[in-house]
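Below are the chains, spelled out letter by letter.
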Amino acid sequence: MAFPKEIQELSDAFASLPGIGPKLSSRIALYLSVGGKNLAKKIENDISKMVQKIRLCEQCNNVSTESLCEICSDSQREKLAIIVVEDSMDLYNIESSGAYKGLYHVIGGVISPLNGITPDRLFIQSLFDRVKQDSSISEIIFALNPSVEGESTTIFIKEGLANISSNLEMTQLAKGIPFGSDIEFISGQTLRDSLYSRNKI
Ligand SMILES: [Zn+2]
């Protein structure tokens with residue numbers, strides 16, 4: 001027996017989300033369609049609001065409801081350093097560690113030619129432009145996930161930045177973060193330690 005088309009389509013949509021396999025997606029779709037109709041309405045409403053209001057910050061590409069995100073528009077933030085992260089999840093995890101009061105740049109992934117992700121598909125040029133335009137930035141801290149792609153993306157950006165500015169300090173989170181792990185899942189304490197003992201690269 002197959003589920004009615006309406007449930008199957010919803011299940012297929014959930015299955016395309018990160019971390020949700022076909023079994024869990026069917027379970028959620030079934031739950032929402034039977035006992036969870038109030039929740040389904042709320043989710044429908046929340047998603048529609050999110051689609052309308054959320055956009056990317058014009059400066060750092062973090063999620064935002066305004067043209068500049070909460071961090072970029074905060075006059076209290078230190079404006080000397082930028083942490084380069086893959087996505088807003090990593091940004092929020094570093095933020096919640098409380099160890100950093102500077103700025104960020106979300107590049108939207110890592111370079112992975114095998115998966116068709118070339119540098120022009122990421123927000124790398126906008127980081128170069130930002131550094132060109134703002135001479136007060138003196139340090140770039142790389143916090144990409146410690147993977148082969150993360151490392152090669154760091155090297156690519158580092159070389160590009162070195163051509164733009166010769167006196168830019170470039171550092172990387174210390175290696176307390178295990179190779180192959182996700183910044184998203186690293187504890188606040190490990191992130192604080194990695195940030196304080198970051199290495200010059
Ligand atoms: Zn921003």
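Here the structure is a predicted model, which means the values were calculated and not measured. Counting of residues starts from 1 at the beginning of each chain's written sequence and follows it residue by residue. The predicted origin of the model limits local features to residues at a pLDDT of at least 70 and limits the giving and counting of side-chain atom pairs to 80 or more, whereas totals for whole chains, interfaces and linings rest on all residues.

## Considering the overall build of the chain
- The helix and strand labels rest on DSSP assignments: H or I over at least four residues marks a helix, E over at least two residues marks a strand, and numbering proceeds from the N terminus. Helix and strand content of the chain: seven helices and seven strands.
- The linear arrangement of helices and strands in the chain, starting from the amino end, is α-α-α-β-β-β-α-β-α-β-α-β-α-β.
- With the principal axes as the frame, the chain shows a C-alpha extent of 65 × 35 × 35 Å.
- By the burial criterion, 24% of the 201 residues in the chain qualify as buried.
- Remark: residues whose backbone-derived C-beta atoms lie within 7 Å of one another are considered to be in contact. Sequence-distant contacts, at least 24 apart, represent 54% of the contacts inside the chain between residues at least 6 apart. Exposure is read from a count of other C-beta atoms within 10 Å of each residue's own; the residue is exposed at 12 or fewer, buried at 20 or more and partly exposed in between. C-beta atoms are placed from the backbone.

## A word on the domain arrangement of the chain
- Structurally, the chain comprises domain 1 (5–53) and domain 2 (63–200).
- All the domain ranges listed were derived from an automatic or database domain assignment. Computed from C-alpha atoms alone, the centre-to-centre distance between domain 1 and domain 2 is 32 Å.

## A look at the environment of Glu66
- In this fold, Glu66 is placed in the loop between strand 2 (63–64) and strand 3 (81–85).
- Taking the number of C-beta atoms within 10 Å as the measure of exposure, Glu66 has 12 and is therefore exposed.
- Between the alpha carbons of Glu66 and Leu56 there is a distance of 8.3 Å; along the sequence they are 10 residues apart.

## What to know about the nonpolar core
- We define a nonpolar core as a collection of buried residues of the types Ala, Val, Leu, Ile, Met, Phe, Trp, Tyr and Cys that are connected via C-beta atoms lying within 7 Å of each other. Counting residues in each nonpolar core, the largest one holds 31 residues, and the members touching the most others are Ile82, Ile83, Val84, Val85, Ile94, Tyr104 and Ala143.
- Of all the secondary-structure elements, those providing two or more residues to this core are strand 3, helix 4 (88–97), strand 4 (103–106), strand 5 (139–142) and helix 6 (148–164).
- Looking at this core element by element, the count peaks at four residues for strand 3.

## Remarks on the packing of helix 4 against helix 7 (residues 188–196)
- Throughout, an axis means a line fitted to C-alpha atoms (over the contacting stretch in the case of helices), and angles, computed between N-to-C directions, take values from 0 to 180 degrees. It is at 8 Å that the axes of helix 4 and helix 7 come closest, and there the two elements cross at 85°. Here helix 4 lies roughly perpendicular to helix 7, going by the angle between them. Contact residues: helix 4 offers Asn93, Ile94, Ser96 and Ser97, while helix 7 offers Gly188, Leu191 and Arg192. Note that the term roughly parallel is reserved for angles under 35 degrees, roughly antiparallel for angles over 145, roughly perpendicular for angles of 65 to 115, and oblique for everything else.

## Some points on the packing of helix 5 (residues 125–133) against helix 6
- Across the interface, helix 5 lies against helix 6 with an axial gap of 10 Å and an inter-helix angle of 30°. With respect to helix 6, the element helix 5 is oriented roughly parallel. The crossing of helix 5 and helix 6 is right-handed. Two secondary-structure elements touch here, helix 5 through Leu127, Phe128, Val131 and Lys132 and helix 6 through Ile157, Gly160, Leu161 and Ile164. Helix crossings fall into two classes, left-handed where the near helix is turned counterclockwise from the far one by less than a right angle and right-handed where it is turned clockwise.

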